[in-house]
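# Structural features, examined
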Amino acid sequence: MSTTIKNFTHVDLGKFSGLTDKTADGRSKKFMKADLGLTGMEISVTRIDAGGKTPFFHSHKQNEELYIVVEGSGQMQLDDHVIDVKEGSMVNVAPKCSRALRASAKEALTYLCVQAKENSLEQYTKEDGVRHEEHTWKN
Ligand code: ZN
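Presented here is an overview of the structure given in this document. What you are looking at is a predicted structure, and each value in this text was computed from that prediction instead of being measured.

On to the pairing of strand β2 (residues 8–11), then. Summarising the sheet, strand β1 (residues 2–5) and β2 pair through four bridges and their orientation is antiparallel. Residue pairing in the sheet places Ser 2 in a bridge with Val 11 of β2. Counting the residues in the hairpin turn of β1 and β2 gives two residues, including Asn 7, whose phi is positive at 80°.

Rendered as structure tokens:
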């Protein structure tokens, strides 16, 4: 369920461990762009059961992807490199890199994947942020 009010959209998926929308290959995967009304990025949430893996390797035409592991542990293969990932791991993957993920044999792997056009970020943090000293908490 999502709520859209002027200038923001709020979605509450519940606990990541409770993701239940299974794809045909047994993953729980949800793309959030439409629900959140995103215009400059896509984000997905994926939960792979213990012992499971993504069904194929893939790359992208123009988008880099930031993988953020939020639960569990497993591995990523990035071209010919295999790395261990666990809660707290963040991996930025260039568009042309072939990638796949698998959960460890003992626990599920849950991760967020944010994709945005490589080299599209023109300003950020202090260059883009604007302080609003006139605003205070309403209660
Ligand atoms: Zn991708």
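Tyr 67, Met 76, Val 93, Leu 101, Leu 109 and Tyr 111 are the most contacted members of the largest nonpolar core, which totals 14 residues. Going through the elements one at a time, β5 (63–78), β7 (90–93), β8 (99–103) and β9 (109–117) are the ones with two or more residues in this core. Residue contributions to this core peak at four residues, all from β5. Ignoring any residue separated from it by four or fewer positions in sequence, one finds Val 93 in contact with Glu 64, Glu 65, Tyr 67, Met 76, Leu 78 and Arg 99. Of all hydrophobic cores here, the second largest spans eight residues; its members include Met 32, Leu 38, Ile 43 and Leu 112.

For the zinc ion, the full set of protein donor atoms is His 58 (NE2), His 60 (NE2), Glu 65 (OE) and Glu 65 (OE), and the range of their distances to it is 2.0 to 2.6 Å. In this structure, the zinc ion is surrounded by four donor atoms whose angles at the metal cover 54 to 149°, and the resulting shape is irregular. Note on His 58: relative accessible area 26%, which makes it partly exposed.

The rules behind the values
- Residues numbered from 1 in each chain as written.
- Predicted model: local features only at pLDDT ≥ 70, side-chain atom pairs only at ≥ 80, totals over all residues.
- Heavy atoms only, no water.
- Pairing = 2+ DSSP bridges.
- Helix = DSSP H or I, 4+ residues; strand = E, 2+ residues; numbered from the N terminus.
- Core = buried A, V, L, I, M, F, W, Y, C linked by side-chain atoms within 4.5 Å.
- Buried < 20%, exposed > 50% of the residue type's maximum accessible area, 1.4 Å probe, protein only.
- Contact = heavy atoms within 4.5 Å.
- Donors = N, O, S within 2.8 Å, 3.2 Å for Na, K, Ca; no water.
- Tetrahedral: all angles 85-135°; square planar, octahedral: opposite > 155°, others 65-115°.

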